[in-house]
Amino acid sequence: FGCAVGVLAMSDKIATSRLSYTHQGRTIYEWEQTLEDLQLFITPPPGVTAKMVECTISARAMTLGLRGNPPFLNERFEEVVNSAESYWTMEDGTLHINLTKGSKGKTWEAVFEGHTKVDPFTLSETKKSLMLERFQEENPGFDFSGATFNGQVPDPKTFMGGVKYR
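Here, residues in each chain are numbered from 1, in the same order as that chain's written sequence. pLDDT decides what is reported in this predicted model: residues at 70 or higher carry local features, side-chain atom pairs at 80 or more are listed and counted, and totals for whole chains, interfaces and linings draw on all residues regardless. Excluded from the side-chain calculations are hydrogens and water; all other atoms, namely the structure's heavy atoms, are used.

A.B. asks: Hey, could you run me through the environment of K101 in this one?
C.D. replies: Tracing the chain through its elements places K101 in strand β9 (residues 94-101). Through-space distance from the C-alpha of K101 to that of E79 is 7.9 Å; in sequence the pair is 22 residues apart. Excluding anything up to four places from it in sequence, K101 contacts Q33, T34, L35, E36, D37, L38, V80, V81, N82, K106, W108 and L130. Reaching out from K101, the side chain makes a polar contact with the side chain of Q33 at a distance of 2.9 Å. One polar contact links the side chain of K101 to the main-chain carbonyl oxygen of T34, over a distance of 2.8 Å. Only DSSP runs of H or I reaching four residues or more are called helices, and only runs of E reaching two or more are called strands; each is numbered from the N terminus. Residue contacts are defined here by distance: any two heavy atoms, one from each residue, within 4.5 Å place the two residues in contact. Nitrogen and oxygen atoms within 3.5 Å of one another constitute a polar contact, given that in protein one can donate a hydrogen and the other can accept it, and given that sequence-neighbouring residues count only through two side-chain atoms.

Shown next, in the form of structure tokens:
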């Protein structure tokens, strides 16, 4: 099992890294996170349509597979999600699963329990990205895209009184 840093994306000028979870040399899913959400990207086998997919998201676990077959994924989340606000779609042949974090600002080290956690460097970079996203959200009109941190990056969830919910 492995985890690797992949594609960079821009969200309001703040870069986020898409990570890969692999098993036996095969990418099982890619994922990225923001202050409020985790996004999973899964490439199903050719010919699979949205009507064939069965996906159940609860606060602590997710089951994903093709209707009438054993699940492809049946895993517990590393953290709690808000299942009422989580959903999935199929776009351009890729399954997009949007998981709303149960605790805004919490930095996830892995999507599922037992899956490879991100390395300390990647975790630090993710925290930087989430802190910049938080600064951007709390200070609209300011551009934090070129901001840097000196020393250890603070926890985006608890820094200076914590994240404000809107």
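Past the structure itself, the notes keep going.
A.B. asks: Quick question: what am I supposed to make of the side chain of S86 here?
C.D. replies: Following the sequence through the fold, S86 ends up in strand β8 (residues 81-91). A distance of 3.0 Å separates a polar side-chain atom of S86 from the backbone nitrogen of T100. Ignoring sequence-local partners within four residues, the contact set of S86 consists of I57, V81, N98, L99 and T100.

A.B. asks: How do you make sense of the environment of T22 when you look at a structure like this?
C.D. replies: Following the sequence through the fold, T22 ends up in strand β2 (residues 14-23). Once the C-alpha coordinates of T22 and T116 are considered, the two residues, 94 residues apart in sequence, prove to be 9.0 Å apart.

A.B. asks: What's the story with the environment of I42 in this structure? I'm lost.
C.D. replies: One can find I42 in strand β4 (residues 37-42). Here I42 falls in the buried class, since its relative accessible area comes to 4%. Once the C-alpha coordinates of I42 and E30 are considered, the two residues, twelve residues apart in sequence, prove to be 6.6 Å apart. Ignoring anything within four residues of it in the chain, the contact list for I42 reads I28, Y29, L64, F72, L73, T94, L95 and I97. Buried, partly exposed and exposed residues are distinguished by accessible area as a fraction of the type maximum, computed with a 1.4 Å probe on protein chains only: under 20%, between the cut-offs, and over 50%, respectively.

A.B. asks: Hey, could you run me through the sheet that holds strand β7 (residues 73-76) in this one?
C.D. replies: Sheets are built from strands that pair by backbone hydrogen bonding, the pairs being arranged parallel or antiparallel. A pair of strands is labelled paired if DSSP reports no fewer than 2 bridges between them. Overall, antiparallel pairing links the three strands, which are arranged β5-β6-β7 in an open sheet. Of all the strands in the sheet, just β5 (53-57) and β7 have a single pairing partner and so form its edges. Sheet twist, expressed as the average angle between the axes of neighbouring strands with direction ignored, equals 5°. Judged from the four bridges that link them, strand β6 (residues 61-66) and β7 form a sheet pairing that is antiparallel. Within the sheet, the bridge partner assigned to L64 lies in β7 and is L73. Fitted lines through C-alpha atoms give the axes, limited to the stretch in contact for helices. The angle between two N-to-C directions lies from 0 to 180 degrees.

A.B. asks: Would you take a moment to explain helix α1 (residues 120-138) for this structure?
C.D. replies: Three- or four-residue spacings in an α-helix give side chains the same orientation, since the helix completes a turn every 3.6 residues. Over its 19 residues, α1 runs 27 Å from end to end, which matches the ideal 27 Å to within 8%, given 1.5 Å per residue. The set of residues buried in α1 consists of T122, L123, T126, S129, L130, M131, L132, E133, R134, F135 and Q136. Capping the start of α1, D119 holds a side-chain oxygen 3.1 Å from the backbone nitrogen of F121, two or three residues further along. Take the residue count of a helix, subtract one, and multiply by 1.5 Å to get its expected span.

A.B. asks: How do you make sense of the packing of aromatic side chains when you look at a structure like this?
C.D. replies: Two numbers describe a pair of aromatic rings. These are the distance of the centres and the angle of the planes. A pair of Phe, Tyr and Trp rings is counted when the ring centres sit within 6.5 Å of each other, with Trp represented by its six-membered ring. The angle between the planes then sorts it: under 30 degrees is stacked, over 60 is edge-to-face, the rest tilted. Following the criterion strictly, the structure yields seven aromatic pairs and no others. Between Y29 and F112, the aromatic rings sit 5.7 Å apart at their centres with planes inclined by 80°, giving edge-to-face as the arrangement. Residue Y29 is located in strand β3 (residues 26-33), and its partner F112 is located in the loop between β9 and α1; the two are separated by 83 residues in the primary sequence. For F112, a relative accessible area of 0% gives the class buried. Among the aromatic residues, ring-to-ring pairing joins Y21, Y29, F77, W108 and F112 into one connected group. Charge-over-ring contacts are defined here by two conditions on Lys NZ or Arg CZ: a distance within 6 Å of the ring centre and an angle within 35 degrees of the ring normal. A cation sits over an aromatic face here: R18 above F41, 3.6 Å from the ring centre.

A.B. asks: Can you help me understand the pattern of salt bridges in this one?
C.D. replies: Side chains that carry opposite charge are capable of pairing whenever their charged atoms lie near each other. Salt bridge, as used here: a side-chain nitrogen of Lys or Arg that lies within 4 Å of a carboxyl oxygen of Asp or Glu. Per the counting criterion, the structure on display carries ten salt bridges. The closest approach of N and O atoms between R18 and E32, which form a salt bridge, is 4.0 Å. Here E32 lies in strand β3 and R18 lies in strand β2, a separation of 14 residues in the sequence. Relative accessible area serves as the criterion here: at 22%, R18 is assigned to the partly exposed category. A relative accessible area of 13% places E32 in the buried class. Residues R76 and E113 are paired through a salt bridge, measuring 3.6 Å at the closest nitrogen-oxygen approach. Pair noted here: R76 is in strand β7 and E113 is in the loop between β9 and α1, with a separation of 37 residues, a long-range link. When salt bridges that share partners are traced, they join R18, E30 and E32 into one network.

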